[in-house]
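Fold and geometry: a report
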Amino acid sequence: MKRVITAAVLVPLVLLLLLKGSFLVLVIATALVAELASWEYLSIADCRGSQRTLVLVAIAVLFGAIFFSPALILPTLGLCSLVLVLVCGFGSPLERVLRDSAFSIFPLLYIGLTLATLPLLWVQPNGPSLLIFLFCVVWTGDVAALYIGRNFGRHKLAPQISPNKSWEGSAGSIAGSLLIAVLLYFLARWLENRAALYFPGPLIRWLGLAVVLNVFAQVGDLVESAIKRGAGVKDSGAMLPGHGGILDRIDALLLAAPALWYAQWIQLYFERVSLR
């Protein structure tokens, strides 16, 4: 029940933000999620207080750069990484220099840079619809995997990483993502100009994209499970009743969101090439 209530509160808030929010509000909201998830990760990694603060500041600077110009992302990422290496190199005990440096830079890439693709997708043509498609595909796939795997799962998917995941649940997750993709596609056509939903092109394109996003989402879930299992913890935190921590909730998005960004980039690239 806690899981259902938490989802019932968060899902409408996310959809409202995507449809009615501004770029500034979206950047702030995404940065806040990244900060909370990074805090959980740094707790799992057993990083020191001053090191945690510096990483959180670096992530805030990264999202500040995104707001001013996407072209600043890579220079900002490089500068923040260099500062973290220097601080850990000269401020950490000798036996912790390598560990502290790696643990500090990793959340910049794993959490900060991956979530940065959300506001970058939002500002693209048809951006809100793209993000609604992303969230619905990931959420539906996650729910389908949970219930189908729990009731019909017989063959373990990755027993050493996540013993509860099964191939049946994985297949059910893909089926759930395909189903919601079909519903969104025809819902957009039924509503026409009465809503912000718009999915141009043939249905097969969106079905293929749903499969790609689902696969990356499942891999993202497994990656976070491997991190937690390596650290000897069950959940990343307890911020969300019934769901665990923030990182537990966004683990699938950490790979699915960049996958969608790259899919859009590849599509735009070939469209430009075809016009030459």
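Shown above is the structure to which this text applies.
Now for a description of the structure that goes with this document. All figures in this text were calculated on a predicted structure; none of them were measured in a lab.

**Some remarks on the pairing of strand β2 (residues 162-166)**
- Two elements, strand β1 (residues 156-158) and β2, share two bridges in a ladder whose sense is antiparallel. Residue A158 lies in a different strand from β2, and its bridge partner there is S162.
- Once β1 ends, the chain turns through three residues before running back antiparallel as β2.

**Some words on the nonpolar core**
- I111, L131, F133 and L134 are the most contacted members of the largest nonpolar core, which totals 62 residues.
- Looking at which element gives the most residues to this core, the answer is helix α7 (residues 127-152), with nine residues.
- Residues contacting L131, with those up to four places away along its chain left out, are L18, L26, L118, L121 and W122.

**Describing the side chain of S166**
- Here S166 lies in strand β2.
- A distance of 3.0 Å separates a polar side-chain atom of S166 from the backbone nitrogen of G169.
- In contact with S166, other than residues within four places in its own chain, are G149, G153, R154, H155, K156 and L157.

**Some points on a nonpolar patch on the surface**
- A cluster of nonpolar side chains, Y262, W265, I266, Y269, F270 and V273, forms an exposed patch at the surface whose accessible area comes to about 640 Å².
- Relative to the assigned elements, Y262 resides in helix α11 (residues 253-275).

**Let's talk about unusual backbone geometry**
- The backbone of N126 shows a phi angle near 65°, a positive value even though the residue is not glycine.
- Note that N126 resides in the loop between α6 (117-122) and α7.
- A residue is classified by how much of its surface remains accessible, and N126, at 23% relative accessible area, is partly exposed.

**Topic: the packing of aromatic side chains**
- Across all of its chains, the model carries ten aromatic pairs by this definition.
- Judged by centre distance (5.6 Å) and plane angle (45°), the rings of Y41 and F106 are tilted. Remark: F106 occurs in helix α5 (residues 97-115) and Y41 occurs in helix α2 (residues 23-44); sequence separation between them is 65 residues.
- By relative accessible area, which is 33% here, F106 ends up partly exposed.
- The interplanar angle of 20° and the centroid separation of 5.0 Å between the aromatic rings of F106 and Y110 together place this pair among those described as stacked. Taken as a pair, F106 and Y110 lie in helix α5 at a separation of four residues, close to a single helical turn.
- One aromatic cluster is present, built from ring pairs that chain together F23, F67 and F68.
- For R52, the ring lying beneath its charged end belongs to W39, and the centroid distance is 4.8 Å.

Definitions and cut-offs
- Residues numbered from 1 in each chain as written.
- Predicted model: local features only at pLDDT ≥ 70, side-chain atom pairs only at ≥ 80, totals over all residues.
- Heavy atoms only, no water.
- Pairing = 2+ DSSP bridges.
- Helix = DSSP H or I, 4+ residues; strand = E, 2+ residues; numbered from the N terminus.
- Core = buried A, V, L, I, M, F, W, Y, C linked by side-chain atoms within 4.5 Å.
- Buried < 20%, exposed > 50% of the residue type's maximum accessible area, 1.4 Å probe, protein only.
- Contact = heavy atoms within 4.5 Å.
- Polar contact = N/O pair within 3.5 Å; in protein donor to acceptor, adjacent residues only side chain to side chain.
- Patch = residues over 30% accessible without salt bridge, like charges linked within 9 Å, V, L, I, M, F, W, Y side chains within 5 Å.
- Areas by Shrake-Rupley, 256 points an atom, 1.4 Å probe, with all protein chains shown as cover.
- Salt bridge = Lys/Arg side-chain N within 4 Å of Asp/Glu carboxyl O.
- Phe/Tyr/Trp six-rings, centres within 6.5 Å; stacked < 30°, edge-to-face > 60°.
- Lys NZ or Arg CZ within 6 Å of the ring centre and 35° of its normal.

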